[in-house]
Amino acid sequence: MAVEDRTSTVEGAAEGTATETLAAAESTEALAVRYSVAPGVRLKVRSGPGTQYQLIKVLPLGSRVPINCQKPGEWVTGTYGTTNIWDNIANGQYVSDAYVNTGSDGYVAPRCA
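Note that the structure is predicted; figures quoted are calculated from it, not measured.

Draft legend 1. The arrangement of the side chain of asparagine 88 in detail. Inspection of the secondary structure assignment puts asparagine 88 in strand β6 (residues 81–90). Using a relative accessible area of 7% as the deciding quantity, one classes asparagine 88 as buried. With residues near it in sequence (within four places) discarded, asparagine 88 still touches Pro66, Ile67, Asn68, Cys69, Gln93, Tyr94 and Cys112.

Draft legend 2. Examining the pairing of strand β1 (residues 34–37) more closely. Taken together, the three bridges between β1 and strand β4 (residues 64–66) define a ladder with antiparallel strand orientation. When the bridges of β4 are listed, arginine 34 appears paired with proline 66. Looking at chain direction, β1 and strand β8 (residues 100–101) are connected through two bridges and run antiparallel. In the strand pairing of β8, serine 36 is matched with asparagine 101.

Reading the values: the criteria
Residues numbered from 1 in each chain as written. Predicted model: local features only at pLDDT ≥ 70, side-chain atom pairs only at ≥ 80, totals over all residues. Heavy atoms only, no water. Helix = DSSP H or I, 4+ residues; strand = E, 2+ residues; numbered from the N terminus. Buried < 20%, exposed > 50% of the residue type's maximum accessible area, 1.4 Å probe, protein only. Contact = heavy atoms within 4.5 Å. Pairing = 2+ DSSP bridges.

Here it is in structure tokens:
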């Protein structure tokens, strides 16, 4: 009987740890910095850092995006100037930094690998 109790306790502890890990991940995601897309712009999301890459989707007006990392690519002129910086907003999804209000003309996140 004692062995069963220990197993239950260990399983319960493992479940608690998994739940805490999930909660921490969700909390971190909720706290991630999001940047505003330029007003009045429905920003195109591409599969790579340039307009020649496949169009994945178009963001709705008033969108805010996370920037996971940034990489140089095609030069684009937009609401916030001319730049070759592209922002990775999700796995395999890039937007031109020329339309994202980061408050900087340079990199605000690590370079993508």
